[in-house]
Amino acid sequence: MNAPARHVPTTPTSSRRLLINGLLLAGMGAIAASGKAVIVKLAYRHGVDATALLALRMMIAFPFFAAMGMWAARRALPLSTGDWWRVLLLGFSGYYLSSYLDFLGLQYISATLERLILYLSPTLVVLIALVVLKQRPTRMQVAALLVSYLGVLLAFGHDIQLDGRRTLIGSALVFASALSYAVYLFGSGQVVARIGAVRLTAYASMVACVLCIGQYLLFQPVSALWTYAPPVYWLSLLNGTVCTVLPVLAIMIGVKRIGSSLAAQVSMLGPVSTIVLSVWLLDEPMGPWQSAGTVLVLAGVLLVGSGVAKKR
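Residues numbered from 1 in each chain as written. Predicted model: local features only at pLDDT ≥ 70, side-chain atom pairs only at ≥ 80, totals over all residues. Heavy atoms only, no water.

Side note on the overall build of the chain
1) Next: Broken down by element type, the chain carries 12 helices and zero strands.
2) Next: Secondary structure elements in the chain, listed N-terminal to C-terminal, are α-α-α-α-α-α-α-α-α-α-α-α.
3) Next: Here the chain holds 312 residues, and 47% of them are scored as buried.
4) Next: Total accessible area computed for the chain in this model is approximately 16,000 Å², and 70% of it derives from carbon and sulfur atoms. (Helix = DSSP H or I, 4+ residues; strand = E, 2+ residues; numbered from the N terminus. Buried < 20%, exposed > 50% of the residue type's maximum accessible area, 1.4 Å probe, protein only. Areas by Shrake-Rupley, 256 points an atom, 1.4 Å probe, with all protein chains shown as cover.)

Here's the deal with the confidence of the model for the chain
1) Next: The share of residues in the chain with pLDDT of 70 or more is 88%, and the mean pLDDT across the chain is 83.
2) Next: Within the chain, no element has a lower average pLDDT than helix H10 (residues 260–266), which sits at 66, and none a higher one than helix H2 (residues 50–72), at 95.
3) Next: Counted against residues more than four places away or in other chains, residues 1–8, with its pLDDT under 50, gives zero contacts. (pLDDT = per-residue confidence, 0-100. Contact = heavy atoms within 4.5 Å.)

Quick word on the pattern of salt bridges
1) Next: Applying the stated rule across the entire model yields five salt bridges.
2) Next: Residue Arg86 is joined to Asp83 by a salt bridge in which the shortest nitrogen-to-oxygen separation is 3.1 Å. Pair noted here: Arg86 and Asp83 are both in helix H3 (residues 81–105), with a separation of three residues, about one helical turn.
3) Next: Where salt bridges share partners, they join Lys36, Asp102, Glu114 and Arg115 into one cluster. (Salt bridge = Lys/Arg side-chain N within 4 Å of Asp/Glu carboxyl O.)

Quick look at the nonpolar core
1) Next: One finds Tyr44, Val48, Leu53, Phe65, Val87, Phe103 and Tyr216 to be the most contacted residues of the largest nonpolar core, which totals 50 residues.
2) Next: In contact with Val48, not counting residues within four places along its chain, are Ala43, Leu53, Tyr228 and Val232.
3) Next: In terms of nonpolar packing, the next biggest core, distinct from the first, is built from 17 residues, Leu116, Ala129, Val174 and Ala178 among them. (Core = buried A, V, L, I, M, F, W, Y, C linked by side-chain atoms within 4.5 Å.)

A few points about the packing of helix H4 (residues 111–118) against helix H7 (residues 164–195)
Relative placement of two packed helices is described by the angle separating their axes and the distance separating the axes.
1) Next: Where H4 meets H7, the closest approach of the two axes is 9 Å, and the angle between their N-to-C directions is 35°. At the point where H4 passes H7, the crossing takes the right-handed sense. Contacts between H4 and H7 involve Leu113, Glu114, Ile117 and Leu118 from the former and Thr167, Ser171, Val174, Phe175, Ser177 and Ala178 from the latter.
2) Next: Of the residues assigned to the contact of H4 with H7, the class counts are six nonpolar, three polar and one charged. (Axes fitted to C-alpha atoms, helices over the stretch in contact; angles between N-to-C directions. Left-handed = near helix turned anticlockwise from the far one by under 90°. Nonpolar A, V, L, I, M, F, W, Y, C, P; charged D, E, K, R; others polar.)

Remarks on a nonpolar patch on the surface
1) Next: Taken together, Met28, Trp234, Leu238, Val242 and Leu246 make up a surface patch of nonpolar side chains, about 420 Å² in accessible area.
2) Next: If one sorts the elements of the nonpolar patch by residue count, helix H9 (residues 230–258) sits on top with four residues.
3) Next: Here Trp234 shows up in helix H9. (Patch = residues over 30% accessible without salt bridge, like charges linked within 9 Å, V, L, I, M, F, W, Y side chains within 5 Å.)

Quick word on the side chain of Ser121
1) Next: Secondary-structure assignment places Ser121 in helix H5 (residues 121–132).
2) Next: A distance of 3.1 Å separates the side chain of Ser121 from the backbone oxygen of Leu118, its partner in a polar contact.
3) Next: Those residues within four positions of Ser121 in sequence are excluded, and the remaining contacts are Ala178, Tyr181, Ala182 and Leu185. (Polar contact = N/O pair within 3.5 Å; in protein donor to acceptor, adjacent residues only side chain to side chain.)

Here we look at H3
1) Next: Over its 25 residues, H3 runs 35 Å from end to end, which matches the ideal 36 Å to within 8%, given 1.5 Å per residue.
2) Next: Of all the bends in H3, the largest measures some 35° and sits at Phe92. (Expected span 1.5 Å × (residues − 1). Bend = angle between axes of the 7 residues up to and from the residue.)

With respect to the side chain of Ser99
1) Next: Within the secondary structure layout, Ser99 lies in helix H3.
2) Next: Within polar-contact distance, the side chain of Ser99 engages the backbone oxygen of Tyr95 at 2.7 Å.
3) Next: If we skip the residues at most four places from it in the chain, Ser99 touches Leu54 and Arg57.

This is the structure:
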């Protein structure tokens, strides 16, 4: 007869420590990811374009994602041909196309407006589910959609008065970026259980790295990458590590410890930190309309998160 398994109770102290660590990791990941927009805007001041910035960012991030992918694949089953195609498509949509459109849009609009538009991704996932799966949104999700888009319209209306054409172009590009990332979120939700969250994230990110670097090499020689001003390189180093790899790891571990719903609420630190950094480092104006828009967008995302949590 086998001896009964020993049960090691989780003490209140250890549970509290796990909760605090998870909250800190999720918060750190949200803040680090939000710094990307500010770093890109700072780099644009030195005459670099979106294609070169993306290539530099992904060259730095690639080894980290490759190591993450090898670690995740150690005990996992090999992927089927169909799964590889899904990874390629998700990498193209979620990390390559979304990033490229976002970087292009940041040439035209403020970091604050960019971050607010990107935070529409969860609401766009609801709309994609409606179109593809015929899943009717709940009343709370409809309320979230209305509140979020009203918030973006307030911030958009403020900025379009300052520079109408540029705001229109930049907002359209960033909205397309948010839609592309929403497609990734929706698609990854269909396959993540089979592939694994870490492996899917690592592989999709590696696909994006290859595409971003390849895109640059199609139009420029490799030697051109080393002709930019010195600040471009240390900003790209920060972008590739602190604002790309670190958020992925921190948020992933944070979600494991505190759950996706609570982690989503902690991610609300993202737009707030973007506002603080953009006002401090970029001297971007922050008026009452933008503040009101930020509050409404955050409220809308919280409503979406609440609806998901209740379904579970």
